[in-house]
Amino acid sequence: MSVSASIDIQLGKVSNEKISALQVINTFITNKWRIQNDNNISYLPLGDEDSFEWQSDDISVEQLINIVEKKESHGEIIGILMFWDSTEIGVQLLIHSELELSFNLSINRKLIGDTENTDINWYIEKIVVLLKENNYIIEYFSFDEYS
């Protein structure tokens, strides 16, 4: 049986300052999330146009920054795979707009014991609490899990 789990977050604005995709990604990187796995970075390429054709390449962080900046300026969905600390637990982060984030919990999903149930508390601590501790306003978040 396959299980699909995700967290969607709607951020709120404090002022008229734009929240950039790089700002969000950097918040995770500076708080124990990593974007490289086996020296590769997985991302949605420029011009993907919602096809979700993920690429995994040995590119530099600077090259990724360039891709993210171009995608953001073109209004494209930004996608990047991130992994927690030194584990193989990861997420597909999709940045739909400056205030709308989606996390697909599909990479070695953290489970509760020997069940097939997602350990949502683990993800809330590593994602939602992390954003709040870094002064992001979370208007709401939702968790979905389907079998």
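So, a few notes on the structure that sits alongside this text. (Residues numbered from 1 in each chain as written. Predicted model: local features only at pLDDT ≥ 70, side-chain atom pairs only at ≥ 80, totals over all residues. Heavy atoms only, no water.)

1. A look at helix H1 (residues 21-29)
- Inspection of H1 places Ala-21, Val-24, Ile-25, Thr-27 and Phe-28 among the buried residues, and these make up the whole buried set. Angularly, the buried residues of H1 cover 155° about the axis, an arc narrow enough to put them on a single face.
- Looking at the buried positions of H1, the neighbouring elements they touch are strand S2 (33-34), helix H2 (61-73), strand S6 (78-84), strand S7 (90-97), strand S8 (100-107) and helix H3 (120-133). (Buried < 20%, exposed > 50% of the residue type's maximum accessible area, 1.4 Å probe, protein only. Helix = DSSP H or I, 4+ residues; strand = E, 2+ residues; numbered from the N terminus. Arc of directions from axis to C-beta. Contact = heavy atoms within 4.5 Å.)

2. Observations concerning the pattern of salt bridges
- Overall, the coordinates contain seven salt bridges when judged by the stated rule.
- Here Glu-72 makes a salt bridge to Lys-18, at a shortest N to O gap of 3.5 Å. One end of the pair, Glu-72, is in helix H2; the other, Lys-18, is in the loop between strand S1 (4-12) and H1, with 54 residues separating them in the sequence.
- Overall, Glu-72 belongs to the partly exposed group, its relative accessible area being 23%.
- By sharing partners, the salt bridges in this structure join Arg-109, Glu-116 and Glu-145 into a single network. (Salt bridge = Lys/Arg side-chain N within 4 Å of Asp/Glu carboxyl O.)

3. Here's the deal with the packing of aromatic side chains
- With the rule as written, the count across this model stands at five aromatic pairs.
- With a centroid separation of 6.3 Å and 80° between ring planes, the pair formed by Phe-28 and Trp-33 is classed as edge-to-face. As far as burial versus exposure is concerned, Phe-28 and Trp-33 are alike and both buried.
- A connected cluster of aromatic rings, assembled from ring pairs, spans Phe-28, Trp-33, Trp-84, Phe-103, Trp-122 and Tyr-123. (Phe/Tyr/Trp six-rings, centres within 6.5 Å; stacked < 30°, edge-to-face > 60°.)

4. Some details on the nonpolar core
- Core analysis: the largest hydrophobic core is formed by 38 residues, its most contacted members being Ile-9, Phe-103 and Ile-127.
- Elements supplying a minimum of two residues to this core: S1, H1, strand S4 (40-43), H2, S6, S7, S8 and H3.
- Of the residues forming this core, the biggest block, seven residues, is contributed by H3.
- When residues no more than four places from it in sequence are discounted, the contact partners of Phe-103 are Ala-5, Ser-6, Ile-7, Ile-9, Phe-28, Met-82, Val-91, Gln-92, Leu-93 and Ile-127. (Core = buried A, V, L, I, M, F, W, Y, C linked by side-chain atoms within 4.5 Å.)

5. Examining the layout of surface pockets
- Each pocket or cavity is described by its volume, and for the largest pocket that value is around 210 Å³.
- Around the largest pocket, the lining comprises 13 residues; the ones closest to its centre are Val-14, Glu-17, Ile-19, Gln-23 and Asn-135.
- Residues that form the lining of the largest pocket fall into these classes: four nonpolar, six polar and three charged. (1 Å grid on protein atoms, 1.4 Å probe; cavity = no way out; pocket = protein on both sides within 12 Å on 5 of 7 lines; lining within 4 Å. Points joined across faces, edges and corners; volume = space filled by probe spheres on them. Nonpolar A, V, L, I, M, F, W, Y, C, P; charged D, E, K, R; others polar.)

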